[in-house]
Amino acid sequence: MARRFMRFNRASVVCSVTMLAVLTAPSFAVDVAPICTPMGGEPLQSTSILSPISPPAREIHSLAALVVGVCAAIFIVVEGALLWAIIRYRRRAGDRGEPVQVFGSNPIELAWTVIPLVIVFVLALATVRTIKDVQRTEPPAGALTVDVIGHQWWWEYRIADEDGGPPVVTANELVVPVGRPVWLRLASADVIHSWWVPALNGKTDLVPGRFSNTWFEAEQPGTFLGQCAEYCGTQHANMLLRVRAVDDAQFESWRTAQAAPARDPASFAAGHSIFLRLACMNCHAIDGSSSGAFGPNLTHLMSRETIAAGMAPLNRDTLRAWLVDPQQLKPGCNMPSLQLTDPELDALVDYLSSLN
Ligand code: HEC
Ligand SMILES: [Cu+2]
């Protein structure tokens, strides 16, 4: 009898330890394999929520640490008391009959009512405070305003011009100045998407028919990766995010280059005329040539590091492969194969890769 109880005790210890291990196994870091190292050679940041470099991301991280810490303390106290009781009061050889029966204890009842109440109250206050800071309703002072439009399966960015000029329009890769707040106004062109760059901020949904806001401030230079975080169709997993934080001077020169007119097509007349002759121009804008808005703006295509929302590094080879058949690289995406001939492909690639 006694030996059987000992065995039961050992089993419960093994059970508890296994449970502890499973429950605390790190399930935070969702790593997206970086397919392309940044142009500037700056560090490529991981997509872990454990390395925040922006105030809202840091606040979310601290709140998570507080909640996990409190829960871990509760777990240790409760599980410790349980183990202690199991071992201390186990049935020993010679024990006969029922142990002493105890009914009710005001101090204990009070303790396990009041302590959880206080804990819940503290966690609720900390959460409300974090939500208030993270979900601002007004842009932070001096913020750069950027409109983000989610499309199946790519991101459109419109960076406002403080001097009232037209916004800079680009796709998939956002460049921002280090140390300046960025105010995002998010909208969707089709279904619900979610903008999530874990190092910068929590997830913000882009809901058709309404605008949402969020903000971040990159405190270090770097390329920060993210991922659409709301299932939005076939290529949801390949709707990647890339935010490059650079110093003020680099940002201004990037912005000036993006605002400049597209490269004069004169020296690439063949490719340019194919672009205008085929359906390309209905879906894509190139300043001065076309204004399609269904697909990414190609005015300064080659200033980007990747193609098709982060799927592959952008270069002549991937560009050509994309034009041969977008469905090969990104099955189900909203660009059809236009069945181009080899000379047409060559001419188009020459023209498009001049757009820097
Ligand atoms: C029916 C609309 C449509 C037509 C026609 C079309 N495209 Fe696209 N294109 C898209 C969409 C949508 C994407 C974004 C695909 C994605 O990433 O999911 C895209 C992506 C691209 C990209 C990659 C852009 C980037 O930054 O990742 C290039 C380059 C491109 N198209 C060139 C062309 C050319 C050249 C033509 C004509 C031969 C053409 N497209 C015809 C809709 C179209
Ligand atoms: Cu999406």
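Note that the structure is a prediction, hence the values are computed from the model and not measured.

So, how was this worked out
Residues numbered from 1 in each chain as written. Chains lettered and ligands numbered in written order. Predicted model: local features only at pLDDT ≥ 70, side-chain atom pairs only at ≥ 80, totals over all residues. Helix = DSSP H or I, 4+ residues; strand = E, 2+ residues; numbered from the N terminus. Buried ≥ 20, exposed ≤ 12 C-beta atoms within 10 Å, placed from the backbone. Near = placed C-beta within 6 Å. Nonpolar A, V, L, I, M, F, W, Y, C, P; charged D, E, K, R; others polar. Domains from an automatic or database assignment. Pairing = 2+ DSSP bridges. Expected span 1.5 Å × (residues − 1). Axes fitted to C-alpha atoms, helices over the stretch in contact; angles between N-to-C directions. pLDDT = per-residue confidence, 0-100. Contact = placed C-beta atoms within 7 Å. Core = buried A, V, L, I, M, F, W, Y, C linked by C-beta atoms within 7 Å.

Counting secondary structure elements, the protein contains 9 helices and 15 strands. Split into buried and exposed, the 356 residues of the protein put 29% on the buried side.

Okay, the site of ligand 1 next. In the neighbourhood of ligand 1, 32 residues make up the surrounding shell, with Ala279, Cys280, Cys283, Gly295 and Met335 lying closest. Looking at the shell around ligand 1, the elements with two or more residues in it are helix H6 (280-283), helix H7 (316-324) and helix H9 (342-352). Of the residues belonging to the shell around ligand 1, the class tally is 24 nonpolar, 6 polar and 2 charged. No fewer than three residues from each of domain 1 (1-93 + 135-259) and domain 2 (265-352) sit in the shell around ligand 1.

Taking burial as the measure, the 7 residues of strand S11 (residues 240-246) include 7 buried ones, the bulk of the element. Alternating residues of S11 divide into Leu240, Arg242, Arg244 and Val246 and Leu241, Val243 and Ala245, and every residue in both groups is buried. Taken together, the 5 bridges between strand S5 (residues 173-177) and S11 define a ladder with parallel strand orientation. Along S11, the bridge assignment pairs Val176 with Ala245. Of the pairings in the sheet, the one linking strand S10 (residues 222-227) to S11 comprises 6 bridges and is antiparallel in character. By the bridge assignment for S11, Gly226 is matched with Leu241.

So, on to helix H4 (residues 248-259). The first and last C-alpha atoms of H4 sit 16 Å apart over 12 residues, in line with the 16 Å expected at 1.5 Å per residue. Of all the 12 residues making up H4, 1 are buried; the element is thus mostly uncovered.

Judged by pairing direction, the sheet is mixed, and its 5 strands sit side by side in the order S4-S3-S2-S6-S9 without closing on themselves. Unpaired on one side and paired on the other, strand S4 (168-171) and strand S9 (212-216) mark the two borders of the sheet. Here the strands of the sheet are splayed against their neighbours by 25° on average, with no regard to which way each runs. Bridging between strand S2 (residues 144-151) and strand S6 (residues 182-188) involves 7 bridges; their strand directions are parallel. The residue bridging Asp147 from the neighbouring strand is Arg185, located in S6.

Attention now goes to the confidence of the model for the protein. When the pLDDT values of the protein are averaged, the result is 89; 87% of them are 70 or greater. Helix H1 (residues 2-24) is the least confidently modelled element of the protein, averaging 57 in pLDDT, while strand S7 (residues 193-195) averages 97, the highest of any element. Under a pLDDT of 50 for its full length, residues 26-33 has, in the predicted model, 12 contacts with residues more than four places off or in other chains.

Here we take up the pairing of S6. Most of S6 is tucked away: 5 of the 7 residues are buried. Both S6 and S9 contribute to a ladder of 5 bridges, which runs antiparallel. Looking at S9, one finds that Val182 is bridged to Phe216.

Right, let's talk about the nonpolar core for a bit. Core analysis: the largest hydrophobic core is formed by 48 residues, its most contacted members being Val148, Val197, Leu200, Phe224, Val243 and Ala309. For this core, the leading source of residues is S11, giving 5 residues. Counting only domains with at least three residues in this core, you end up with domain 1 (1-93 + 135-259) and domain 2 (265-352). Non-local contacts of Val243, meaning those with residues more than four positions away in its chain, are made with Leu174, Val176, Val197, Leu200 and Phe224. Phe275, Leu301, Ala347 and Val349 belong to the second-largest nonpolar core, a separate cluster that totals 13 residues.

Cis geometry is found at the peptide bond from Gln152 to Trp153, where omega equals 5°. When you line up the elements, Trp153 lands in the loop between S2 and strand S3 (154-159). Phi is positive for Asn172, close to 65°, though the residue is something other than glycine. Looking at the element boundaries, Asn172 is found in the loop between S4 and S5. On the basis of neighbour count, Asn172 is assigned to the buried category, with 22 C-beta atoms found within 10 Å.

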